[in-house]
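Report on the structure
In case you want the letters, here they are:
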Amino acid sequence: MAHAAQNAVSTANNTTSLTMANAIRALSMDAVERANSGHPGMPMGMADVATILFSEFLNFDPKHPQWPDRDRFVLSAGHGSMLMYSLLYLTGYEDMTLDDIKNFRQLGAKTAGHPEYGHASGIETTTGPLGQGIANAVGMAMAERALHARFGGDLVQHKTYTIVGDGCLMEGISQEAITLAGHLKLSQLVVLFDDNGISIDGPTSLTTSEDTLMRFKAAGWATQAIDGHDHDAIRAALAAAQHATQPTLIACKTTIAYGAPKKAGTSASHGSPLGKEEIEGTRAKINWPHAPFEIPAEILNAWRAAGARGAEKYSAWQQRFDATDAAKRDDFAGRVAGELPAGWEKAVDDFKRALIEKPVKEATRKSSGNCINVLSAAIPAMLGGSADLTGSNLTRADGAKGFAAPDYAGNYIYYGIREHGMAAAMNGMALHGGVIPFGGTFMVFTDYCRPSIRLSALMEQRVIYVMTHDSIGLGEDGPTHQPVEHLAALRCIPNLQVFRPCDAVETLECWAIALASTKTPSVLSLTRQNVPQLRTEYSAENKVARGGYIIREASAAPKAVLIASGSEVGLAVEAQTTLEAAGVPTRVVSLPSWELFAKQSDAYRKEVLGEALVRVGIEAAGNFGWERILGDKGVFVGMPGFGASGPAEELYKHFGITAEAVVQAVKSRV
């Protein structure tokens, strides 16, 4: 009798959840059809899994979408965005309406082709470039563990779920993310694999024969394989994941475009509308006789009730938060809001005064390391790391402890040789909130990080990339490791601050700007070789904030203006000395940030660059973009192509990046 009763309850629950899942299928195929663009197959295939997750397991509250202790949900397979938008509308997020669904993929709509962070509540990250989402989710899970260690389970104890597809798992970044998560034993992370066996070209058997479960097991994950359309199996798998001691993979065997009479299980449903006839057939097959975009009241009410589940948990969390010690509560609230603690600016100013009092000749990577020592003590939210180059990047503060299982109390992450995974995980941390991520590798490997750096900028996230060994100045490692085109490539990314400081003081000012820039990521391009400290007089002003400024003025109205960044500013000062002695009044401009300089007024830029007979740009990099600075009066001293292997001093002479070459360039034009 009891068994029969349980079966009856299960059947009733599944009947309700199936109709709820069909609402997702209907909205998804109708929105894609209306837009005549999109990917209906994935939302229709994963509708069952998403329904059970959102209606029974995911802890969230649409009325309080920024609840810090909510579970995070990442749609790594971002092409299936109608799954996300359907869920947000159905569960009752106020800023996702039926009209928004109808405007899918239209200009200015919240419902963009791929989910975009900031367009609507509940979209935790921008996805679409495959593999980024799963790596973001790893970063979110890392941030959760770090905050749990700092503030305890009463304030921080939540899971991160992500739906991934075959494409996500084929991308190389996924392996970096998977192995890092397994090594760190991120038990709060659950990956739901849409195992539909289909990609754009056809069945995935064309391109892979991998055993996905064995791959995850080898990386230290708990794994399960289920029928992704069996609601009881989905429940059981998610229930088991709640108590896992490792990150969990649930491989959900699904049929893409489930319910479509002809296109289900085929690549034809992946990235194109189903078509009127196929939609009519689908409606009949899934018993959905309703008009496009019509959700019957009883089904919508069931979904809204699912969305309201989290209200009680949110209220309980709020009560715990209110009962927390005031200092701890304020610390938590400030960190979640992304605020910097009181006193951090004084720490910057005190360190600047110390540098002026006792100038140093050192590599700017060393200067950066000293800044990290000072700043991490003043800003506990800073969570640093390196992609296996700690001793070269100098990103580990003195006394920092490694972030590791089981307590996760450390503030330094050993990412291993996973540059791309590191960058994407840092995006996830920044999106999660409560920590300020920074990480290092060699400047040349920004190429490995570039898709994630671009997304940092697109999502307006404060992520700080510490990129050292920034030119031929790294020497003997040769052209494979010597950046040439990288500065230009980074400078053309919108909303990215690229800093190339010339000395210890500028490095400190760059760090201060990067930390204060809550909606802009930053790249610090730092030297391996020692450079002199050129800033030797104290100024409370952060001069780097102007992007460019006069670091050495001419003795009279300048006939030449030397404009340089980083290690080449020292060459410019050396050339100025020679030119002044030869009777050529010469100004030196330090240009650590093109982006900030471009934001200054026309009057300021004209004042700094002047009206001299000649402008010389000096940078141990390619010349792309310098024409905007130099104009028709300019000449560039820099790299003509790739570098070479040899001692740094010899390389600078070999490629003609010397004070003598700058002097000659001026004299030939004055």
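Overview of the structure. (Residues numbered from 1 in each chain as written. Predicted model: local features only at pLDDT ≥ 70, side-chain atom pairs only at ≥ 80, totals over all residues. Heavy atoms only, no water.)

1. A few points about the overall build of the protein chain
- Tallying secondary structure elements over the protein chain gives 27 helices and 20 strands in all.
- Against the 2.2 N^0.38 benchmark of 26 Å for 670 residues, the protein chain shows a C-alpha radius of gyration of 28 Å, consistent with a compact globule.
- Over its C-alpha atoms, taken along the principal directions, the protein chain stretches across nearly 100 × 55 × 45 Å.
- By residue count, 60% of the 670 residues in the protein chain fall in the buried class.
- The contacts in the protein chain between residues at least 6 apart in sequence include a share of 77% that link residues at least 24 apart.
- Surface accessibility of the protein chain: about 25400 Å² in total, with carbon and sulfur atoms responsible for 52%. (Helix = DSSP H or I, 4+ residues; strand = E, 2+ residues; numbered from the N terminus. Rg over C-alpha atoms; globule rule 2.2 N^0.38 Å. Buried < 20%, exposed > 50% of the residue type's maximum accessible area, 1.4 Å probe, protein only. Contact = heavy atoms within 4.5 Å. Areas by Shrake-Rupley, 256 points an atom, 1.4 Å probe, with all protein chains shown as cover.)

2. Here we look at helix α22 (residues 568-581)
- Given a rise of 1.5 Å per residue, 14 residues ought to cover 20 Å, and the 20 Å separating the end C-alpha atoms of α22 matches this to within 8%.
- Of the surrounding secondary structure, the elements contacted by the buried residues of α22 are β16 (549-552), β17 (560-564), β18 (586-590), β19 (614-619), α26 (648-654) and α27 (659-667).
- Positive phi shows up at G583, right after α22, with a value of about 85°. (Expected span 1.5 Å × (residues − 1).)

3. Brief notes about the environment of N22
- Locating N22 in the fold gives a position in helix α1 (residues 2-35).
- N22 sits in the buried class, given a relative accessible area of 5%.
- Spatially, the C-alpha atom of N22 lies 9.1 Å from that of G259, the residues being 237 residues apart in sequence.
- Beyond its immediate stretch of four places on either side in the chain, N22 contacts I286 and W288.

4. Some details on the sheet that holds strand β13 (residues 497-499)
- Taken in spatial order, the 6 strands of this open sheet run β10-β9-β11-β12-β14-β13, and their pairing is parallel. Only two strands of the sheet have a single partner each, and these edge strands are β10 (412-414) and β13. Neighbour-to-neighbour, the strand axes of the sheet open up by a mean angle of 20°, direction not taken into account.
- Bridging between strand β12 (residues 464-468) and strand β14 (residues 522-525) involves 4 bridges; their strand directions are parallel. Bridging across to β14, M467 finds its partner in S525. (Pairing = 2+ DSSP bridges. Axes fitted to C-alpha atoms, helices over the stretch in contact; angles between N-to-C directions.)

5. Some thoughts on the sheet that holds β16
- The strand order across the open sheet formed by 5 strands is β16-β18-β17-β19-β20, and the pairing between neighbours is mixed. A single partner strand is all that each edge strand has here, and the edge strands are β16 and β20 (634-638). Strand-to-strand twist in this sheet, taken as the mean axis angle between neighbours without regard to direction, amounts to 30°.
- In this sheet, β18 lies alongside β17 in parallel orientation, the contact comprising 5 bridges. Across the sheet, the residue bridging to V561 is R587, located in β18.

6. Points about the pattern of salt bridges
- In the structure shown here, the tally under the stated rule is 22 salt bridges.
- We note a salt bridge from R353 to D349, for which the minimum N-O separation is 2.9 Å. Placement of the pair is R353 and D349 together in helix α15 (residues 344-357), with a separation of 4 residues, close to one helical turn.
- A cluster of three or more residues bridged by salt bridges with shared partners is formed by E56, D232 and R235. (Salt bridge = Lys/Arg side-chain N within 4 Å of Asp/Glu carboxyl O.)

7. Some details on helix α6 (residues 132-151)
- The end-to-end C-alpha distance of α6, which contains 20 residues, comes to 28 Å, matching closely the 28 Å that a straight helix rising 1.5 Å per residue would cover.
- Burial analysis of α6 places 17 of its 20 residues in the buried class, the great majority of the element.
- Count one or two residues on from α6 and you reach G152, which has phi positive near 90°.

8. Considering the packing of aromatic side chains
- In the structure shown here, the tally under the stated rule is 19 aromatic pairs.
- Centre to centre, the rings of F54 and F73 are 5.1 Å apart; their planes meet at 80°, and the pair counts as edge-to-face. In this pair, F54 sits in helix α3 (residues 47-57) while F73 sits in strand β1 (residues 72-75), placing the two residues 19 residues apart along the sequence. In this pair, the class of F54 matches that of F73, namely buried. (Phe/Tyr/Trp six-rings, centres within 6.5 Å; stacked < 30°, edge-to-face > 60°.)

9. Notes on the nonpolar core
- One finds M142 and W303 to be the most contacted residues of the largest nonpolar core, which totals 126 residues.
- Looking at this core element by element, the count peaks at 11 residues for α6.
- What M142 contacts, discounting residues up to four positions off in sequence, is L180, L184, L186, F403, I413, Y415, A425 and M429.
- L562, V584, Y604 and W626 belong to the second largest nonpolar core, which has 47 residues in total. (Core = buried A, V, L, I, M, F, W, Y, C linked by side-chain atoms within 4.5 Å.)

10. Some details on the pairing of β20
- The buried fraction of β20 amounts to 4 of the 5 residues, a majority that puts the element mostly inside the structure.
- In this structure, β19 lies alongside β20, joined through 5 bridges in parallel fashion. Note that in β20 the partner of G617 across the bridge is F636.

11. Thoughts on the packing of helix α16 (residues 364-378) against helix α21 (residues 504-516)
- One can describe the packing of α16 onto α21 by two numbers: an axis separation of 9 Å at closest approach and a directional angle of 50°. The angle between α16 and α21 falls in the class oblique. Classified by chirality, the crossing of α21 by α16 is right-handed. On α21, the residues touching T364, S367, S368, C371, I372 and L375 of α16 are A504, T507, L508, W511 and L515.
- Split by residue class, the contact of α16 with α21 holds 7 nonpolar, 4 polar and no charged. (Parallel < 35°, antiparallel > 145°, perpendicular 65-115°, else oblique. Left-handed = near helix turned anticlockwise from the far one by under 90°. Nonpolar A, V, L, I, M, F, W, Y, C, P; charged D, E, K, R; others polar.)

12. A closer look at the pairing of β1
- Residue alternation in β1 divides its side chains into two sets, R72 and V74 and F73 and L75, and both sets are buried.
- Direction of pairing for β1 relative to strand β2 (residues 160-164): parallel, over a ladder of 4 bridges. By the bridge assignment, F73 is partnered in β2 with Y161.

13. A closer look at a negative patch on the surface
- Together, E476, D477, E649 and E650 make up a region of like negative charge exposed at the surface.
- You can see E476 is positioned in the loop between β12 and α20 (486-491).
- Here E476 falls in the partly exposed class, since its relative accessible area comes to 46%. (Patch = residues over 30% accessible without salt bridge, like charges linked within 9 Å, V, L, I, M, F, W, Y side chains within 5 Å. Lys, Arg positive; Asp, Glu negative; His and termini not counted. Charge placed at Lys NZ, Arg CZ, Asp CG, Glu CD.)

14. A few points about the side chain of R215
- The residue R215 is located in helix α9 (residues 212-218) in this model.
- What makes R215 buried here is its relative accessible area of 12%.
- In terms of polar contacts, R215 uses its side chain to reach the side chain of E210, at 3.2 Å.
- With residues up to four places along the chain from it excluded, the contact list for R215 reads L169, S174, Q175, I178 and E210. (Polar contact = N/O pair within 3.5 Å; in protein donor to acceptor, adjacent residues only side chain to side chain.)

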